[in-house]
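Chain by chain, the residues:
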Amino acid sequence: MNTGVSHMKFNIVSLGALVVCTLIVSPAAYGDVSPAVVADKFVDALQHQRFKDAAAMFAPEATQNIRTTERALKRVDASLGGFSTIHPIATLPDGKSIKLEVPRQKNIPFKVQKFVQVRYASTASDGQPVFYELNLSADNMPSQVLSFRLHFPVSDAQSTKRANQLVTVINR
């Protein structure tokens, strides 16, 4: 009988160790799919011109075709440049802007209840600022990109002309 008790103690100890290891590993596993981590991976893909990888992070409802989204991201980079200088910011600046969403939404309703928004800024190749909003799902794991919006600040006729030209070129 003594062996049965020590054998049971060993099994309980082993089970306890397994539970502790699972608890330690699980948050790390979930951390790889959190909105913050997905946002970092998305920006890293843009910075390193891995547009296919970035396009693959979009939720299926957000993009009908990954190749179309990939091409749109390439056009943004070719038209603007500046992905290499993209960095997070707390809020978008006050003032008017012309917005462009990649991929362009086709009035598809999302069933996502919660989302996380991360904002970024960069300097375009023409030296002018560009701001971005990245919206990510927060109610499902792994998190997915819902939309990527570009904001071109417009404060006068010249900046409005620039913004409209960029939107036209990117939307081709």
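Here the residue numbers are simple positions, counted from 1 along each chain's written sequence. For this predicted model, a pLDDT threshold of at least 70 governs which residues receive local features, and a threshold of 80 or more governs which side-chain atom pairs are given and counted, while totals over whole chains, interfaces and linings are taken from all residues. With hydrogens and water excluded, all non-hydrogen atoms of the structure serve as input to the side-chain values.

Attention now moves to the overall build of the protein chain. Labels follow the DSSP assignment, with helices taken as runs of H or I lasting at least four residues and strands as runs of E lasting at least two, numbered in each case from the N terminus. Along its length, the protein chain carries 5 helices and 5 strands. From first element to last, N terminus to C terminus, the protein chain shows the α and β order α-α-α-α-β-β-β-β-β-α. Taken over 172 residues, the protein chain has a buried fraction of 35%. When contacts within the protein chain are restricted to residue pairs at least 6 apart in sequence, long-range pairs at least 24 apart make up 62% of them. Here the Shrake-Rupley method, with its probe set to 1.4 Å, supplies the accessible areas, and only the displayed protein chains count as covering residues. For the protein chain, the exposed surface amounts to about 10500 Å²; the carbon and sulfur share of it is 59%. Burial classes follow relative accessibility: with a 1.4 Å probe on protein chains only, a residue under 20% of its type's maximum area counts as buried, one over 50% as exposed, and anything between as partly exposed. Residue contacts are counted whenever heavy atoms from the two residues lie within 4.5 Å of one another.

We now examine the pairing of strand β3 (residues 115–123). For a regular strand, the rule is simple: side chains alternate between the two faces of the sheet. Strand pairing is assigned whenever DSSP identifies at least 2 bridges connecting the two strands. Alignment of strand β1 (residues 87–89) against β3, held across 3 bridges, turns out to be antiparallel. Within the sheet, the bridge partner assigned to histidine 87 lies in β3 and is alanine 121. In the sheet, β3 pairs with strand β4 (residues 129–137) via 9 bridges, with the strands oriented antiparallel. Each bridged residue has a counterpart across the sheet, and for glutamine 117 the counterpart in β4 is asparagine 135. From the end of β3 to the start of β4, which pair antiparallel, there are 5 residues, and glycine 127 there has a positive phi angle of about 85 degrees.

Our next topic: the pattern of salt bridges. Think of a salt bridge as a Lys or Arg side-chain nitrogen and an Asp or Glu carboxyl oxygen that are within 4 Å of each other. A complete count under the given rule lists 6 salt bridges for this structure. A salt bridge links arginine 162 to aspartate 126, with the nearest nitrogen and oxygen atoms 2.7 Å apart. You can see arginine 162 sitting in helix α5 (residues 157–171) and its partner aspartate 126 sitting in the loop between β3 and β4, a full 36 residues away along the chain. The exposure class of aspartate 126 is partly exposed, given its relative accessible area of 43%. Two residues, glutamate 133 and arginine 149, come together in a salt bridge whose shortest N-O distance is 3.3 Å.

Within this scheme, the nonpolar core is defined by two criteria: the residues are buried Ala, Val, Leu, Ile, Met, Phe, Trp, Tyr or Cys, and they are joined through side-chain atoms within 4.5 Å. Within the largest apolar cluster, 39 residues are counted, with the highest numbers of intra-cluster contacts made by Phe42, Leu73, Leu80, Tyr132, Phe148, Leu150 and Phe152. If you list the elements that add at least two residues to this core, you get α2 (35–47), α3 (51–56), α4 (66–80), β2 (97–102), β3, β4, β5 (145–153) and α5. Among the elements that line this core, the one with the most residues is α2, at 6 residues. Excluding residues within four positions of it along the chain, phenylalanine 148 makes contact with Phe42, Leu46, Phe58, Leu73, Phe83, Leu100, Glu101, Val102, Tyr132, Glu133 and Leu134.

Right, let's get into the environment of valine 169. As for its placement among the helices and strands, valine 169 is situated in helix α5. The class of valine 169 is partly exposed, set by a relative accessible area of 31%. Between the C-alpha atom of valine 169 and that of alanine 78, which follows or precedes it by 91 residues, the distance is 9.7 Å. When residues no more than four places from it in sequence are discounted, the contact partners of valine 169 are Arg75 and Ser79.

Moving on, we get to the packing of α4 against α5. In this analysis, axes come from line fits to C-alpha atoms, helices being fitted only over the stretch in contact, and the angle between any two N-to-C directions falls in the range 0 to 180 degrees. Contact pair α4 / α5: the axes reach a minimum separation of 9 Å and the direction vectors enclose 140 degrees. Here α5 runs oblique to α4, going by the angle between their axes. Crossing geometry of α4 relative to α5 is assigned as right-handed. Side by side, α4 and α5 meet where Arg75, Val76, Ser79 and Leu80 of the first sit next to Arg162, Leu166, Val169 and Ile170 of the second. For the contact of α4 with α5, a count of residues per class yields 5 nonpolar, 1 polar and 2 charged. Relative orientations are named as follows: roughly parallel for angles under 35 degrees, roughly antiparallel for angles over 145 degrees, roughly perpendicular for angles from 65 to 115 degrees, and oblique for any other angle. Helix crossings are classified by the rotation of the near helix relative to the far one: an anticlockwise turn of less than a right angle makes the crossing left-handed, while a clockwise turn makes it right-handed. As a working rule, the residues Ala, Val, Leu, Ile, Met, Phe, Trp, Tyr, Cys and Pro are called nonpolar, Asp, Glu, Lys and Arg charged, and the rest polar, with Gly in that last group.

Below, the discussion takes up the sheet that holds β2. In spatial order, the strands read β1-β3-β4-β5-β2; together these 5 strands make up an open sheet with antiparallel pairing. Each of the sheet's edge strands pairs with one partner strand only, and the pair in question is β1 and β2. Averaged over all pairs of adjacent strands, the angle between their axes in this sheet comes to 30 degrees, without regard to strand direction. As defined by bridge partners, β2 adjoins β5 across 6 bridges and the pair is classed as antiparallel. Across the sheet, residue glutamate 101 finds its bridge partner in β5, namely arginine 149. Sheet strands touched by α2: β3, β4 and β5. Its angle to β4, the strand with the most contacts, is close to 140 degrees. Where α5 meets the sheet, its contacts fall on β2, β4 and β5, and the angle it forms with β2 comes to roughly 15 degrees.

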